[in-house]
Amino acid sequence: MSVIEAINVSPAHGQPQAPVNAAQLTSAAGLVGDRHSNRRAVVSLIAAEEVEAFNEATGLDIAPAETGRNIVTRGVDLNALVTKRFRLAGVELEGFELCEPCATLGGLLATEEVSAAEVVRRFTHRAGLRATVRADGWIRVGDAVEV
């Protein structure tokens with residue numbers, strides 16, 4: 001079963017993301033209360049399995065929230081949702097591009113053992129999905145992801 005495993009919100013630039021049990025998504029602003037909430041109504045998702053694979057390959061122990069993505073899923077191939085409509089609970093979204101890792105993410109997650117370039121390389125094509133919110137509603141941890 002494909003589910004929402006976590007929802008992360010950062011209220012202001014420079015503040016770490018904090019987990020919430022429920023969040024409102026709107027086609028006017030995206031994830032309400034997040035610093036990226038705006039007129040484009042874009043949210044970011046990452047698969048928990050990809051973070052686990054990254055940790056296994058690098059020996060690091062990063063949490064999905066450290067990737068900066070808003071919604072953590074389990075049991076769904078997010079890459080397959082580019083240009084597709086899907087639902088989180090009853091809220092319709094449309095995937096429009098992969099969230100490719102950037103140098104900033106590489107720098108944030110790098111350690112003495114794992115370089116920023118290695119972080120970016122390991123997360124390339126695995127760092128999640130950007131999606132536009134097409135209908136308003138609430139999502140909760142444990143809700144189904146319907147493809």
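Everything below is about the structure printed above this text.
An account of the accompanying structure is given in this report. These numbers come from a predicted model, not from an experiment.

Digging into the overall build of the chain
Here comes step 1: Check the secondary structure of the chain and you find 3 helices and 11 strands.
Here comes step 2: Along the chain, helices and strands appear, N-terminal first, in the series β-β-β-β-β-α-β-β-β-α-α-β-β-β.
Here comes step 3: Taking 147 residues into account, the globule formula puts the C-alpha radius of gyration at 15 Å, and the chain, at 14 Å, falls close to it.
Here comes step 4: Along the first, second and third principal axes, the C-alpha set of the chain runs to 45 × 30 × 25 Å.
Here comes step 5: Counting the 147 residues in the chain, one finds 44% classified as buried.
Here comes step 6: Of the contacts made within the chain by residues no fewer than 6 positions apart, 71% connect residues no fewer than 24 positions apart.

Remarks on the layout of surface pockets
To find leftover empty space, one rolls a probe the size of a water molecule over the atoms.
Here comes step 1: Each pocket or cavity is described by its volume, and for the largest pocket that value is around 750 Å³.
Here comes step 2: For the lining of the largest pocket, the secondary-structure elements that each account for two or more residues are strand 5 (42-47) and helix 2 (103-109).
Here comes step 3: Take the lining of the largest pocket: its biggest share by element is 4 residues, from helix 2.
Here comes step 4: Here the residues of the lining of the largest pocket sort into 9 nonpolar, 12 polar and 6 charged.

A few points about the sheet that holds strand 3 (residues 22-26)
Strand-to-strand pairing in sheets goes through backbone hydrogen bonds, with the strands running parallel or antiparallel.
Here comes step 1: The sheet built from 3 strands is open, its strands ordered 4-3-10 with antiparallel pairing. Sheet topology places strand 4 (30-31) and strand 10 (137-140) at the edges, where each strand pairs with a single neighbour.
Here comes step 2: When strand 3 meets strand 4, the two strands line up antiparallel, connected through 2 bridges. Bridging across to strand 4, T26 finds its partner in G30.

Details of the sheet that holds strand 2 (residues 18-20)
Here comes step 1: The strand order across the open sheet built from 8 strands is 2-1-6-5-9-8-7-11, with neighbouring strands paired in mixed fashion. The sheet is open, and its two edges are formed by strand 2 and strand 11 (145-146), each paired on a single side.
Here comes step 2: Two strands pair when backbone bridges link them, and strand 1 (residues 3-9) and strand 6 (residues 71-74) are joined in this way by 4 bridges, in the antiparallel orientation. Note that in strand 6 the partner of A6 across the bridge is V72.

Quick word on the pattern of salt bridges
Here comes step 1: Taken as a whole and assessed by the stated rule, the structure comprises 10 salt bridges.
Here comes step 2: We note a salt bridge from R87 to E92, for which the minimum N-O separation is 3.5 Å.
Here comes step 3: With a closest N to O distance of 2.9 Å, E118 and R121 form a salt bridge. Of this pair, E118 and R121 both sit in helix 3 (residues 116-123), separated by 3 residues, roughly a single helical turn.

As for the side chain of S44
Here comes step 1: Tracing the sequence through the fold places S44 in strand 5.
Here comes step 2: Polar side-chain contacts of S44 include one of 3.1 Å to the backbone nitrogen of N70.
Here comes step 3: Filtering out sequence-adjacent residues up to four positions away, S44 remains in contact with G68, R69, N70, I71, C99 and L129.

Definitions and limits used
Residues numbered from 1 in each chain as written. Predicted model: local features only at pLDDT ≥ 70, side-chain atom pairs only at ≥ 80, totals over all residues. Heavy atoms only, no water. Helix = DSSP H or I, 4+ residues; strand = E, 2+ residues; numbered from the N terminus. Rg over C-alpha atoms; globule rule 2.2 N^0.38 Å. Buried < 20%, exposed > 50% of the residue type's maximum accessible area, 1.4 Å probe, protein only. Contact = heavy atoms within 4.5 Å. 1 Å grid on protein atoms, 1.4 Å probe; cavity = no way out; pocket = protein on both sides within 12 Å on 5 of 7 lines; lining within 4 Å. Points joined across faces, edges and corners; volume = space filled by probe spheres on them. Nonpolar A, V, L, I, M, F, W, Y, C, P; charged D, E, K, R; others polar. Pairing = 2+ DSSP bridges. Salt bridge = Lys/Arg side-chain N within 4 Å of Asp/Glu carboxyl O. Polar contact = N/O pair within 3.5 Å; in protein donor to acceptor, adjacent residues only side chain to side chain.

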